[in-house]
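Given next are the chains, with one letter for each unit.
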Amino acid sequence: MHSLLIVVLGIAAAVAYGVAHDQVTARLCLEYFTVFHPPLFATTSPTLLALGWGVLATWWLGLTLGVVLAVAAR
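The notes below deal with the structure included here.

Conventions adopted
- Residues numbered from 1 in each chain as written.
- Predicted model: local features only at pLDDT ≥ 70, side-chain atom pairs only at ≥ 80, totals over all residues.
- Heavy atoms only, no water.
- Phe/Tyr/Trp six-rings, centres within 6.5 Å; stacked < 30°, edge-to-face > 60°.
- Buried < 20%, exposed > 50% of the residue type's maximum accessible area, 1.4 Å probe, protein only.
- Axes fitted to C-alpha atoms, helices over the stretch in contact; angles between N-to-C directions.
- Helix = DSSP H or I, 4+ residues; strand = E, 2+ residues; numbered from the N terminus.
- Parallel < 35°, antiparallel > 145°, perpendicular 65-115°, else oblique.
- Left-handed = near helix turned anticlockwise from the far one by under 90°.
- Nonpolar A, V, L, I, M, F, W, Y, C, P; charged D, E, K, R; others polar.
- Contact = heavy atoms within 4.5 Å.
- Core = buried A, V, L, I, M, F, W, Y, C linked by side-chain atoms within 4.5 Å.
- Lys, Arg positive; Asp, Glu negative; His and termini not counted.
- Salt bridge = Lys/Arg side-chain N within 4 Å of Asp/Glu carboxyl O.

1. Here we look at the packing of aromatic side chains
Turning to step 1, where the next piece is worked out: What the rule picks out here adds up to 1 aromatic pair.
Turning to step 2, where the next piece is worked out: Considering the side-chain rings of Tyr32 and Phe33, the 5.1 Å spacing of their centres and the 85 degrees angle between planes classify their relative orientation as edge-to-face.
Turning to step 3, where the next piece is worked out: On the basis of relative accessibility, which here comes to 3%, the residue Phe33 falls in the buried class.

What follows is the structure in structure tokens.
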């Protein structure tokens, strides 16, 4: 059970960082998300684009790091 908690916390930490990072990036250059990325959903809202791309771009890294940390901790 502790290993699962470590993995979930790893995913949550990575996603939180990705969303926070993309919130800043979306405010500085919205075209990065609207022109240079395929559309996730039909919106031009910087908040929603940053939320979507922040989660999509970082969950897998959090999963990988969480598994590695869980194995190392157990």
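2. Looking at the packing of helix H1 (residues 2-28) against helix H3 (residues 46-73)
Turning to step 1, where the next piece is worked out: Their axes nearest at 5 Å, the elements H1 and H3 cross at an angle of 150 degrees. One way to sum up the angle between H1 and H3 is to call them roughly antiparallel. Crossing angle aside, the handedness with which H1 passes H3 is right-handed.
Turning to step 2, where the next piece is worked out: Partitioning the contact of H1 with H3 into residue classes produces 18 nonpolar, 9 polar and 2 charged.

3. Things to note about the environment of Thr44
Turning to step 1, where the next piece is worked out: One can find Thr44 in the loop between helix H2 (31-34) and H3.
Turning to step 2, where the next piece is worked out: The exposure class of Thr44 is exposed, given its relative accessible area of 58%.
Turning to step 3, where the next piece is worked out: The spacing of Thr44 and Val71 is 27 residues in sequence and 41 Å in space, taken between C-alpha atoms.
Turning to step 4, where the next piece is worked out: Residues within four places of Thr44 in sequence aside, it is in contact with Leu30 and Leu49.

4. Here we look at the nonpolar core
Turning to step 1, where the next piece is worked out: Membership of the largest hydrophobic core is limited to 5 residues, which are Ala26, Phe33, Leu49, Ala50 and Trp53.
Turning to step 2, where the next piece is worked out: Beyond its immediate chain neighbours, meaning those up to four positions away, Ala50 contacts Val19, Asp22, Gln23 and Ala26.

5. A few points about the side chain of Asp22
Turning to step 1, where the next piece is worked out: Tracing the sequence through the fold places Asp22 in helix H1.
Turning to step 2, where the next piece is worked out: Arg27 is the oppositely charged side chain nearest to the buried, salt-bridge-free Asp22, at an N-O distance of 9.9 Å.

6. Quick word on the environment of Ile6
Turning to step 1, where the next piece is worked out: Inspection of the secondary structure assignment puts Ile6 in helix H1.
Turning to step 2, where the next piece is worked out: Along the chain, Ile6 and Val19 lie 13 residues apart, while their C-alpha atoms are 20 Å from each other.
Turning to step 3, where the next piece is worked out: With near-sequence residues (within four places) excluded, Ile6 lies in contact with Gly66, Leu69, Ala70 and Ala73.

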